[in-house]
Amino acid sequence: MGNSKSGALSKEILEDLKLNTKYTEDELCSWYESFQKQCPDGRISRSEFEKIYANFFPNSDPKVYARHVFRSFDTNDDGTLDFREYIIALHLTSTGKTRLKLEWAFSLFDVDRNGEISKNEVLEIITAIFKMIPAEEQKMLPDDENTPQKRADKLWAYFNKGETDKLAEKEFIEGVLKNDAIMSLIQYDPKKK
Ligand SMILES: [Ca+2]
Ligand SMILES: [Ca+2]
């Protein structure tokens, strides 16, 4: 009590988030309030982040995927997400197919952060995505997309790559932007009930 100042959202972060997301000042301030309530120390740990994902995917196992998403948003690599990193995460994962979202998707697939994607990295992330798809939905997937390996093969064939070739960021973004079917290979949108 009487300490509201240190708990307020700094003007700098607010301006930065208004500029870099579609959210309004009101939205950001009210999210900040609830963020502070849930995370009094102002940070989300990896296990807390995994719990948030678990709530969204009660019928499947989003844990590995959540871990990769966490890595991609922990831009300063300190093992926690602060409010800014968290809001950027929300913004990017909830927007449609934009260049910005695909820049993020690239960083998600670039597991070792060396600036290019290998087929093994693709397989690793697609395997994590697959674990989020409930079993009954997996049964309904097209025959050439119903295992992580088939999906990785399909993606690699689309980009005309050999097994040991690498995919650069620009190539990835431009390729996916051009093709909705490829976009659906690299993400999972739960069906609205
Ligand atoms: Ca961080
Ligand atoms: Ca890489």
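In this text, all values refer to a predicted model and were calculated from it rather than measured experimentally.

Thresholds, definitions, all that
- Residues numbered from 1 in each chain as written.
- Chains lettered and ligands numbered in written order.
- Predicted model: local features only at pLDDT ≥ 70, side-chain atom pairs only at ≥ 80, totals over all residues.
- Helix = DSSP H or I, 4+ residues; strand = E, 2+ residues; numbered from the N terminus.
- Rg over C-alpha atoms; globule rule 2.2 N^0.38 Å.
- Buried ≥ 20, exposed ≤ 12 C-beta atoms within 10 Å, placed from the backbone.
- Contact = placed C-beta atoms within 7 Å.
- UniProt positions renumbered as here; feature names shortened; annotations may be inferred.
- Expected span 1.5 Å × (residues − 1).
- Axes fitted to C-alpha atoms, helices over the stretch in contact; angles between N-to-C directions.
- Parallel < 35°, antiparallel > 145°, perpendicular 65-115°, else oblique.
- Left-handed = near helix turned anticlockwise from the far one by under 90°.
- Nonpolar A, V, L, I, M, F, W, Y, C, P; charged D, E, K, R; others polar.

### Observations regarding the overall build of the protein
Then step 1. The helix and strand inventory of the protein stands at 12 helices and four strands.
Then step 2. Computed over its C-alpha atoms, the radius of gyration of the protein comes to 18 Å, within 12% of the 16 Å expected for a compact globule of 193 residues.
Then step 3. In terms of overall dimensions, the protein has a C-alpha envelope of 60 × 35 × 25 Å along the principal axes.
Then step 4. Counting only residues that meet the buried cut, the protein has 23% of its 193 residues in that class.
Then step 5. Taking as baseline every contact in the protein between residues at least 6 positions apart, the subset at least 24 positions apart corresponds to 61%.

### Let's talk about the UniProt feature "domain: EF-hand" (unreviewed entry) in the protein
Then step 1. Feature annotation in UniProt places "domain: EF-hand" (unreviewed entry) on residues 61-96 and 97-132, given in this structure's numbering.
Then step 2. Taken end to end, residues 61-96 comprises 64% helix and 8% strand; its first and last C-alpha atoms sit 23 Å apart.
Then step 3. As annotated, residues 97-132 has a helix share of 64% and a strand share of 8%, and its two end C-alpha atoms lie 20 Å apart.

### So, helix α8 (residues 119-130)
Then step 1. Between its terminal C-alpha atoms α8 stretches 16 Å, which fits the 16 Å expected from 12 residues at 1.5 Å a residue.
Then step 2. Those residues of α8 that fall on the buried side of the exposure criterion are Glu121, Val122, Ile125, Ile126, Ala128, Ile129 and Phe130.

### Thoughts on unusual backbone geometry
Then step 1. Of note, aspartate 77 is a non-glycine position whose phi angle comes to about 55 degrees, a positive value.
Then step 2. When the 7 C-beta atoms within 10 Å are taken as the criterion, aspartate 77 is described as exposed.
Then step 3. The residue arginine 113 is not glycine, and still its phi comes out positive at about 55 degrees.
Then step 4. Structurally, arginine 113 is set in the loop between α7 (99-109) and β3 (116-118).
Then step 5. On the neighbour-count criterion, arginine 113 (9 C-beta atoms within 10 Å) is exposed.

### Comments concerning the environment of leucine 108
Then step 1. Its place among the elements puts leucine 108 in helix α7.
Then step 2. When the C-alpha positions of leucine 108 and isoleucine 125 are compared, they lie 7.8 Å apart, and in sequence the two are 17 residues distant.
Then step 3. Look past the residues within four positions of leucine 108 in its chain and what remains in contact with it is His68, Val69, Ser72 and Ile125.

### Structural notes on the packing of helix α3 (residues 25-38) against helix α6 (residues 83-94)
Then step 1. At a minimum axis distance of 11 Å, the contact between α3 and α6 shows a crossing angle of 120 degrees. As summarised for this structure, α3 and α6 are arranged oblique, according to the angle between their axes. The handedness of the crossing between α3 and α6 is right-handed. Across the interface between the two elements, Leu28, Trp31, Tyr32 and Phe35 from α3 touch Phe83, Tyr86 and Ile87 from α6.
Then step 2. Of the residues that constitute the contact of α3 with α6, the class distribution is seven nonpolar, no polar and no charged.

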